[in-house]
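# Descriptive analysis of the structure
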Amino acid sequence: MALQIRQTLRQTQQLVMTPQLQQAIKLLQYSHQEMMNVLEQELKENPILEVAPEDETLSEQEPADRNDLKSLEELVKEPENPLKEVFDVEWQNYLESYGSDQGQSNQDFSTRPLLENLASNRQSLFNYLLQQLQLSSIEGEDRRIALELIGNVDENGYLDLDLDELADRLQIDKEHVELVLARVQEFDPPGVAARDLRECLMIQARALDPPNPLALEILEELFDLFEQSKPEVVARKLKIPLEKVEEAFRVISSLHPKPGRPFHHLETKYVVPDIFVFKVGNDYSVVLNDDGMPRLRISSFYQSQLHSAISQSCTKDYIQEKMRGAMWLIKSIHQRQRTIYKVTQSILKFQREFFDKGIDYLKPLVLKDVAFDVDSCISTSK
C-alpha cells in the first residue's frame, strides 16, 4: 500500500489550561512550607507584589479602596477565566488531555528540579561493609561468619556481639571466629567492628601512614593513662621526653572514636500543618495556620503609575500584565485557604465521634461525601 500525504480536519474537545489556571491548581496542592517558598519566589519575580508589615494598621496604609481587589480590577482587564473554574477542574481529565499533543521533543526540561535538590539514597554502614565482603577473598564458612559479624555492627561501628555465643551457635572454635573478625576489621572505615574504644583506636593506629609506634605502644600498654590525660606519667614510665608523648597523644586524639558515625544519617523532617483543630469546651474550632505567611498587597506606587500621564504605553502594559498576575495570585491564595478551611470543617462534622472518643469511632468517609458537603468537585477535596 502506497503512502500518501493529505490534509484532514478534525474536531476534538480538550481541556485547555491557562497559565493562571495551572498556577491556582498547583497552589491548592502545596503544603504550608511549599506555599512559603512559592510566595517568596513570586515576590522576587513580580514587582507589583509587596508584603504589608505585620504591625501596620489600615490607617497607616493607603486608603482601603486602593488595595481592594474589586476596585483594582477596574484598572486592568479581568483574567480570561473566572476564579471559580480553578477549583472545579477535573484533574484527571486535565492530566489525560492537557498537553497530549506535545511531543517528547517539546518538553521544557528547564522546569525539572536541580540535581542537587533530588533525594539521594544514602548508603548504610551495613551495605558498605557487605560490598567489601563480596569483593574480598573471604569465602565459604568464613564468609558466613563475616556476614554474622557485619550484621551485628552498630551505628557507631562497634561490634555488638559476644564471640563465645556466636561460636557456640555456629558450632565452631572461638579462635576461628577471631581470625575472621581480624579480617573484617581490615575493612573500611578503619576501626570498624572493634569491640571497645581501645581496640578501635589500635586498629586505626596500625593503619597510620606514616606509622607512629609510640602512639600504638601507649594504646597497648598505657591506655588508662591516656584516658586520664596524664602525659607526664606516661613520659616517666616510658622514660622518654614529654614532647614526644604529647605528640603521640595528639595523634591518638585525631583518630575517630566512632568510625560508623559518618554512615548514620538521621535527618529531622519537620511537618508544618496547614490547619489546626482546637477543642474549646464541647465544641471544636478550626484555625488556619498563617504563621510566617506574608500578607500580600498591590504596590501603591505602581497603581499610581497607571494613572500617570508621564508613563509610556509600554510601561503601562507591563504594569497591567504584572498586576493581573498579582491579583490572580492573591485571589488563588484566598480561595485555597477557604477550600482547606471548608474541607476541614466538613471532616470534623462527619467524624465528630472520632474527635470526641478516639480511633475506635472512626467512620468510613469517601471524597464524594466531602465534595458534596463543601459544594466542590472530588479532585478539589483531595
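Preceding this section is the structure that the text describes.
Counting restarts for each chain, with residues numbered from 1 along the sequence as it is written. Per-residue local features are limited, in this predicted model, to residues with pLDDT of at least 70; the limit for side-chain atom pairs, both in listing and counting, is 80 or more; totals at the level of whole chains, interfaces and linings are taken over all residues. Where side-chain values are given, they derive from all heavy atoms of the structure, hydrogens and water being excluded.

## Brief notes about the overall build of the chain
Helices and strands together make up the secondary structure of the chain, namely 19 helices and four strands. Burial statistics for the chain: of 382 residues in total, 35% are counted as buried. Considering only residue pairs separated by 6 or more positions, the chain has 66% of its internal contacts joining residues 24 or more positions apart. Looking at the chain as shown, the accessible area adds up to about 25700 Å², and 50% of this sits on carbon and sulfur atoms. Elements are defined by DSSP. Helices are runs of H or I of four residues or more, strands are runs of E of two residues or more, and each kind is numbered from the N terminus. The cut-offs for exposure are 20% and 50% of the maximum accessible area for each residue type, with area from a 1.4 Å probe on protein chains only; residues under the lower value are buried, those over the upper are exposed, and the others partly exposed. By definition in these notes, contact holds between two residues if any of their heavy atoms fall within 4.5 Å. Residue-level accessible areas treat just the shown protein chains as cover; the underlying method is Shrake-Rupley with a 1.4 Å probe.

## Quick look at the pattern of salt bridges
Every case where a carboxyl oxygen of Asp or Glu lies within 4 Å of a side-chain nitrogen of Lys or Arg is listed as a salt bridge. Tallied over the entire structure, the rule returns twelve salt bridges. For D373, the salt bridge is made with K349, and the minimal N-O distance between the two is 2.5 Å. Highlighted residues: D373 in helix 18 (residues 367–374) and K349 in helix 16 (residues 313–350), separated in sequence by 24 residues. In this structure D373 comes out as partly exposed when scored by relative accessible area, which is 31%. Residue classification places K349 among the exposed positions, given a relative accessible area of 52%. Where D356 meets R352, a salt bridge forms, and the shortest distance between an N and an O atom there is 3.1 Å. Of this pair, D356 and R352 both sit in helix 17 (residues 352–357), four residues apart, roughly one helical turn.

## Notes on the packing of aromatic side chains
Between two aromatic rings, the relevant description is the distance of the centres plus the angle of the planes. Pairing of aromatic rings covers Phe, Tyr and Trp, the last counted by its six-membered ring, and requires centre-to-centre distances within 6.5 Å; plane angles under 30 degrees mean stacked, over 60 mean edge-to-face, and any other angle means tilted. Tallying each qualifying case throughout the model produces seven aromatic pairs. Ring geometry for F226 versus F249: centroids 5.2 Å apart, planes at 75°, classification edge-to-face. Here F226, found in helix 12 (residues 223–227), pairs with F249, found in helix 14 (residues 242–253); they are 23 residues apart in sequence, far enough to count as distant. For the pair shown, F226 and F249 are each scored as buried. An aromatic cluster is built from F223, F226 and F249, whose rings are joined through pairwise contacts. Across the ring face of F350, the terminal group of K349 is positioned such that the distance to the ring centre comes to 5.5 Å. Its guanidinium or amino end placed over the ring of Y361, K357 lies 5.0 Å from that ring's centre, counting from NZ or CZ. By definition, being over a ring means that NZ of Lys or CZ of Arg is both within 6 Å of the ring centre and within 35 degrees of the ring normal.

## Considerations on the packing of helix 16 against helix 18
Only the contacting stretch of a helix is used when fitting its axis, a line to C-alpha atoms as for every element, and angles between N-to-C directions run 0 to 180 degrees. Where helix 16 contacts helix 18, the two axes come as close as 9 Å, and the packing angle between them is 120°. Helix 16 and helix 18 meet at a crossing whose hand is right-handed. Of helix 18, the residues touching helix 16 (which contributes K342, V343, S346, K349 and F350) are D369, V370, D373 and V374. Note that Gly is not counted as nonpolar here; it falls among the polar residues with everything else outside the nonpolar set of Ala, Val, Leu, Ile, Met, Phe, Trp, Tyr, Cys and Pro and the charged set of Asp, Glu, Lys and Arg. Residue classes in the contact of helix 16 with helix 18 are distributed as four nonpolar, one polar and four charged. In this scheme the handedness of a crossing depends on how the near helix is turned from the far one: anticlockwise by less than a right angle means left-handed, clockwise means right-handed.

## Points about unusual backbone geometry
Look at the link from D188 to P189: it is a cis peptide, with omega at 5°. Secondary-structure assignment places P189 in the loop between helix 9 (174–184) and helix 10 (197–206). With a phi angle near 55°, Q171 is a residue other than glycine that sits in the positive phi range. Its place among the elements puts Q171 in the loop between helix 8 (163–170) and helix 9. One non-glycine residue with positive phi stands out, namely A193, at about 70°. Considering the arrangement of structural elements, one finds A193 in the loop between helix 9 and helix 10.

## Some thoughts on the side chain of Q185
By secondary structure assignment, the location of Q185 is in the loop between helix 9 and helix 10. Residue classification places Q185 among the buried positions, given a relative accessible area of 12%. When sequence neighbours within four positions are dropped, the list of residues in contact with Q185 reads V192, A193, A194, E199 and I203.

Honestly, that's just the spatial picture; any functional story needs more than this.
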